[in-house]
Amino acid sequence: VYKRQVIACSACLWYFKEEGKSGSKLDLEIVKSAWRGLRYHIGTVAFASFVLSFIWTIRWIVSIIGWVLDKAEATENGLLVFLSKCCKCLFDCFFRFIRFMVNGAYSQCAIQGTNFLESGRQNVLLFVRNTGVFSIASIIVSGFLALGQAVITLATVVIGFTIISNSEIYVGKLHSRIAPTICFAVVGYFISTIFMNVYSSANDAILNCLAVEMDTWKIPRKRPELLEVIKDLK
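Parameters at a glance
- Residues numbered from 1 in each chain as written.
- Predicted model: local features only at pLDDT ≥ 70, side-chain atom pairs only at ≥ 80, totals over all residues.
- Heavy atoms only, no water.
- 1 Å grid on protein atoms, 1.4 Å probe; cavity = no way out; pocket = protein on both sides within 12 Å on 5 of 7 lines; lining within 4 Å.
- Points joined across faces, edges and corners; volume = space filled by probe spheres on them.
- Helix = DSSP H or I, 4+ residues; strand = E, 2+ residues; numbered from the N terminus.
- Nonpolar A, V, L, I, M, F, W, Y, C, P; charged D, E, K, R; others polar.
- Phe/Tyr/Trp six-rings, centres within 6.5 Å; stacked < 30°, edge-to-face > 60°.
- Buried < 20%, exposed > 50% of the residue type's maximum accessible area, 1.4 Å probe, protein only.
- Patch = residues over 30% accessible without salt bridge, like charges linked within 9 Å, V, L, I, M, F, W, Y side chains within 5 Å.
- Areas by Shrake-Rupley, 256 points an atom, 1.4 Å probe, with all protein chains shown as cover.
- Salt bridge = Lys/Arg side-chain N within 4 Å of Asp/Glu carboxyl O.

## Some remarks on empty space enclosed by the protein
- Within the structure shown, the criterion is met by one cavity of 30 Å³ or more.
- The set of elements that each furnish at least two residues to the lining of the largest cavity consists of helix H1 (2-15), helix H4 (78-112) and helix H7 (178-216).
- Tallied by class, the residues present in the lining of the largest cavity amount to two nonpolar, two polar and two charged.

Listed below in structure tokens is the structure:
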């Protein structure tokens, strides 16, 4: 959770940096964000962790109950199984909503300096006012996330396979290349997941900054071309 707070604050600092600043080595947004998180927003991080843990625990309990009912589906009342699946679906949706609110609250907290609950409320209102922008951007970003994971995983597999196929250390000593290749794929998938999670957190923060900018100033600024395309969708 603290990681997401730091990433969101860093993205907001970058987005609202004064025009003309080159972003030298002295502008350590990540260091500034880490210090701000510890100094001013440690309560926000702690409360967000509690909320997510509480919701995740309830979701886990409901999943276990649903699993038990599925196992007993042949002997138990079918209505109970149906209700358990409905509850699981509702809790999944609620968990995603809470996670969205928490991620957006980090950005609002970094931009406005408000507490967690107020930041979450502002994020929900911001989403309601800019539903189209958030929806289109989410579709685009989902494509980038899937493409990024696929490229990183595939590159890891290709590099690993090339090494074990051509290196003198492994040639003639491996009975099969299938098992190492599978290991490369698993490692590449985990690495890509970690990397793209950072990208996703930064994207959420930048998207919140874009929505705040359009709501507050309504003045075009120099931004990457993709952000300008999204801004035109409003």
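## Quick word on the packing of aromatic side chains
- Scanning the model with the defined rule gives two aromatic pairs in all.
- Their ring planes at 20° and their centres at 6.2 Å tell us that phenylalanine 50 and phenylalanine 54 sit as a pair that is stacked. Here phenylalanine 50 and its partner phenylalanine 54 are both found in helix H3 (residues 42-71), four residues apart, which amounts to about one turn of the helix.
- Judged by relative accessible area, phenylalanine 50 falls into the exposed class, the value being 53%.
- Aromatic side chains tyrosine 189 and phenylalanine 190 sit 6.1 Å apart centroid to centroid with 70° between the ring planes, which places their arrangement in the edge-to-face category.

## Some words on a nonpolar patch on the surface
- A cluster of nonpolar residues, Trp56, Trp60, Ile61, Ile64, Ile65, Trp67 and Val68, forms a patch on the protein surface that exposes about 740 Å² of accessible area.
- Counting through the fold element by element, tryptophan 56 comes out in helix H3.

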